[in-house]
Amino acid sequence: MPQSVIDRMVRYQTTQHANINRAVHYLSETATAEYEESRRRLKHFINASEDREVIFTSGTTDAINLVAHGYGRKFIGSGDEIVLTTLEHHSNIVPWQMLAEENGAKIRVVPINDTGELLIDKYKQLFNKHTKFVGVTHVSNALGTINPIKQMIEFAHARGVPVLVDGAQAAPHMKIDVQDLDCDFYTFSGHKLCGPTGIGILYGKTALLERMQPFKGGGDMIASVTFEKTTYNTVPHKFEAGTPPIAAAIGFGAAVDYLSAVDMSMIAAYEQDLINYATEQICHMRGIRIIGTAAEKVAVLSFVVDGVHPHDIGTLLNQEGIAVRTGHHCAQPVMQHFKVPATTRASFAFYNSMIEVDALISGIQKVQKIFL
Amino acid sequence: MNTKSLYQEVILDHNRNPRNYGSLDNANCSAEGHNPLCGDHLNIALNLSRGYISDIVFQGESCAICKASASMMTANVKGKTQADAETLIQEFREMAIGKLEPDSNHHLGRLTVFSGIRDLPTRVKCAILPWHTLHAALNSVATISTEADDDPMHVSIGNA
């Protein structure tokens, strides 16, 4: 985590710590102002048009669940269809399945080709008069594929269908402009953007957020309460019941400041150099296959090695000081498509170097030697 | 952490050339073991006659640790009584989770090559899945999962 993010949270905890939106004392006013300042920074980071379009959540999973309950339960009913894709992380599948189980809606799934790209023609064919919602990941966490979401959003909007974009894997690696994308919802987590865990945001267009019902009831989200009737607070507070993780929210604001200072376009360009170099190195090796070879990819390298299970690769690479993810990446439909139980995934970020790519390559070669 | 000593020749050899690998036509006990977190999957079939394991085989898809553990397990319990096998199951599990010292009094013999797994909590399940499945086969449980709450060998390890 960048020192500036740590320092910002320490400053909050040592000199500004109090609950927000409550007391009239100095600390509470300061904490409230800093929390709202952080919301403003997130708004700038994604180019939202208003502060209130940014809702703090505990992360991407929480944000998708919020939409599934707040929007889905109110506006998606029996026989209605929700379009998802094969590339979704479980957190953009399960909340919709739970909704469908509850109210009889149907899930339709966009298939992929063998490079790991969505079949856009099939996506278009899935639309009919029952289509009420689209949930799509901006970037596949398992393969790195960047989906053509702008085109997908445009197509859905022409049919009056709102779109949620899971940006958990995209926001850390490229400049996000929600107005340019014209998405209805966009969500990502703090810990993937050099921020703390337990915090994320849901971006939503004001008009939609206002029509949605609250997800969690409690303090902060109300205007008035009697035992006969409760009226809800305005957006975004309507969706932020209870005491939020204030230090984490403030740290998240510092994290996006840090990334903006580095420059998201520079990050994207540098990471492309890393993935191009790593891909080239891997292509020269025997007995290794890259899973996910889409034309548009972020710096994610998912691979399988002949005769070696990913968990053995992960344990042995760990011994070389290399941290990779092994397993199904919470994206089992993707694994099923490629008929592999699991892959090893190296995920590069702007703080990685070409030398570290070399270390990964020689680490894999060592593993292959052990299992010869 | 002694990962090096975990991936030693004996384990790599059993992974490369697993013993008792295949199917058994006349098996009277069998069970299927599954670790949904990593996709490890194996079947164990055995013949239990007059309290003795007269024959035992396994088959499946798994990592090297799981396959070697299954291979060495079948070689060890073949010809033993059900009670002796249950003792080994218990001791192996305790060794894997660090409750049994490899140099204490036990019946594990060369199976102590797996003792290093205690330092790799995320891999413990890989090593104990075959033992877990053998326990199920001996107790007429058809399928087991490392993630089932009521599983006697459930070891809580997080995963997404």
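Quick summary incoming for the structure in this document. Small disclaimer: the values here were computed from a predicted structure and weren't measured.

This part covers the interface of chain A and chain B. Each side of the interface is counted separately: chain A has 16 residues, and chain B has 20 residues. Where chain A abuts chain B, roughly 1400 Å² becomes buried across the two surfaces, and 56% of that area is made up of carbon and sulfur atoms. For the interface between chain A and chain B, the tally reads 1 salt bridge. Salt-bridge contacts for Asp312 of chain A lead to Arg123 of chain B; the nearest nitrogen and oxygen are separated by 2.9 Å. At the junction of chain A and chain B, the tally comes to 8 residue pairs in polar contact (both at pLDDT 80 or more). Per-element accounting of the side of chain A that touches chain B gives the leading share, 6 residues, to helix α11 (residues 310-319) of chain A. Here the side of chain A that touches chain B is composed, by residue class, of 7 nonpolar, 7 polar and 2 charged.

Residues and elements named next belong to chain A. Counted by the stated rule, this structure contains 24 salt bridges over all chains. The partner of Glu34 in a salt bridge is Arg8, with the nearest N and O atoms 2.8 Å apart. One end of the pair, Glu34, is in helix α2 (residues 26-46); the other, Arg8, is in helix α1 (residues 3-16), with 26 residues separating them in the sequence. The network of salt bridges with common partners includes Glu37, Arg40, Arg41, Lys43, Asp51 and Asp257.

Moving on to unusual backbone geometry. Residues and elements named next belong to chain A. Omega for the peptide link from Val235 to Pro236 comes to 5 degrees, which places this bond in the cis form. Mapped onto the secondary structure, Pro236 falls in the loop between β9 (230-232) and α9 (246-262). A positive phi is found at Asp182, a non-glycine position, where the angle reads about 65 degrees. Even without being a glycine, Asp220 presents a positive backbone phi close to 75 degrees. Note on placement: Asp220 falls in the loop between α8 (206-211) and β8 (222-225).

All names here are of chain A. Spatially, 7 strands are ordered β1-β7-β6-β5-β4-β2-β3 in an open sheet, and the strand pairing comes out mixed. Two strands bound the open sheet, and with one partner strand each, they are β1 (54-57) and β3 (106-110). On average, each strand axis in the sheet is tilted by 20 degrees relative to the strand beside it, whichever way the strands run. Alignment of strand β5 (residues 163-166) against strand β6 (residues 185-189), held across 3 bridges, turns out to be parallel. Bridging from a neighbouring strand, Val165 pairs with Tyr186 of β6. Packed onto the sheet, helix α6 (residues 149-157) meets β2 (81-85), β4 (131-137) and β5 and runs at close to 160 degrees relative to β5.

What follows covers the sheet that holds strand β3 (residues 52-61) of chain B. Residue and element names in this part refer to chain B. Here we have 4 strands laid out as an open sheet, ordered β3-β2-β1-β4, and mixed in their pairing. In this open sheet, the two strands that pair with only one neighbour each are β3 and β4 (143-145). Between one strand and the next, the sheet's axes are offset by a mean angle of 20 degrees, whatever the strand orientation. Pairing of strand β1 (residues 29-35) with strand β2 (residues 40-49) involves 7 bridges; the strand directions are antiparallel. Residue pairing in the sheet places Cys29 in a bridge with Leu46 of β2. Of the strands in this sheet, β2 and β3 are in contact with helix α3 (residues 64-77), which crosses β3 at around 170 degrees.

Now for a nonpolar patch on the surface. All names here are of chain A. A surface patch of nonpolar side chains, about 250 Å² in accessible area, is lined by Met1, Ile6 and Val10. For Met1, the location among the structural elements is in the segment before α1. With relative accessibility at 53%, the residue Met1 sits in the exposed group.

The subject of this paragraph is the nonpolar core. By size, the foremost hydrophobic cluster in this structure holds 71 residues, and its most contacted members are Leu301 and Phe348 of chain A together with Leu46, Ile65, Phe92, Phe114 and Leu134 of chain B. Broken down by element, this core gets its largest block of residues, 10 residues, from helix α5 (residues 124-138) of chain B. Once residues lying within four places of it in the same chain are set aside, the contact partners of Phe114 of chain B are Leu6, Ile11, Ile65, Ala68, Ser69, Met72, Phe92, Met95 and Ala127 of chain B. Ranked by size, the runner-up nonpolar core spans 67 residues in total, among them Ala48, Val161, Ile176 and Leu181 of chain A.

Scanning the model with the defined rule gives 18 aromatic pairs over all chains in all. Considering the side-chain rings of Phe371 of chain A and Tyr7 of chain B, the 6.1 Å spacing of their centres and the 70 degrees angle between planes classify their relative orientation as edge-to-face. Note that Phe371 of chain A is positioned in the segment after α13 (354-370) and Tyr7 of chain B in the loop between α1 (3-6) and α2 (9-16), a pairing that runs across two chains. Of the two residues, Phe371 of chain A and Tyr7 of chain B, neither departs from the other in class, the shared state being buried. Site record: aromatic cluster; members linked through ring pairs are Tyr71, Phe75, Trp96, Phe133 and Phe185 of chain A. For Arg159 of chain A, the ring lying beneath its charged end belongs to Phe155 of chain A, and the centroid distance is 3.6 Å. The lysine or arginine in question, Lys175 of chain A, covers the ring of Phe45 of chain A, its NZ or CZ lying 5.9 Å from the ring centre.

Once that is clear, we can look at the pairing of strand β11 (residues 300-305) of chain A. Along any regular strand, the residues point their side chains to alternate faces of the sheet. Residue and element names in this part refer to chain A. Burial within β11 is extensive, with 6 of its 6 residues counted as buried. Because side chains alternate across β11, one face comprises the buried residues Val300, Ser302 and Val304, and the other comprises Leu301, Phe303 and Val305, equally buried. As paired elements, strand β10 (residues 288-290) and β11 share 3 bridges and run antiparallel to each other. Among the inter-strand pairings, Ile290 is bridged to a residue of β11, identified as Phe303.

Our next topic: the packing of helix α10 (residues 264-283) of chain A against α13 of chain A. Residues and elements named next belong to chain A. The contact between α10 and α13 brings their axes to 10 Å, and the two run at 25 degrees. Considering the angle they form, α10 stands roughly parallel to α13. Handedness of the crossing formed by α10 with α13: right-handed. Of the residues in α13, those in contact with Tyr270, Asp273, Leu274, Tyr277, Ala278, Gln281 and Ile282 of α10 are Met354, Val357, Asp358, Ile361 and Ile364.

Definitions and limits used
- Residues numbered from 1 in each chain as written.
- Chains lettered and ligands numbered in written order.
- Predicted model: local features only at pLDDT ≥ 70, side-chain atom pairs only at ≥ 80, totals over all residues.
- Heavy atoms only, no water.
- Contact = heavy atoms within 4.5 Å.
- Buried area = accessible area lost by both parts, 1.4 Å probe.
- Salt bridge = Lys/Arg side-chain N within 4 Å of Asp/Glu carboxyl O.
- Polar contact = N/O pair within 3.5 Å; in protein donor to acceptor, adjacent residues only side chain to side chain.
- Helix = DSSP H or I, 4+ residues; strand = E, 2+ residues; numbered from the N terminus.
- Nonpolar A, V, L, I, M, F, W, Y, C, P; charged D, E, K, R; others polar.
- Pairing = 2+ DSSP bridges.
- Axes fitted to C-alpha atoms, helices over the stretch in contact; angles between N-to-C directions.
- Patch = residues over 30% accessible without salt bridge, like charges linked within 9 Å, V, L, I, M, F, W, Y side chains within 5 Å.
- Areas by Shrake-Rupley, 256 points an atom, 1.4 Å probe, with all protein chains shown as cover.
- Buried < 20%, exposed > 50% of the residue type's maximum accessible area, 1.4 Å probe, protein only.
- Core = buried A, V, L, I, M, F, W, Y, C linked by side-chain atoms within 4.5 Å.
- Phe/Tyr/Trp six-rings, centres within 6.5 Å; stacked < 30°, edge-to-face > 60°.
- Lys NZ or Arg CZ within 6 Å of the ring centre and 35° of its normal.
- Parallel < 35°, antiparallel > 145°, perpendicular 65-115°, else oblique.
- Left-handed = near helix turned anticlockwise from the far one by under 90°.

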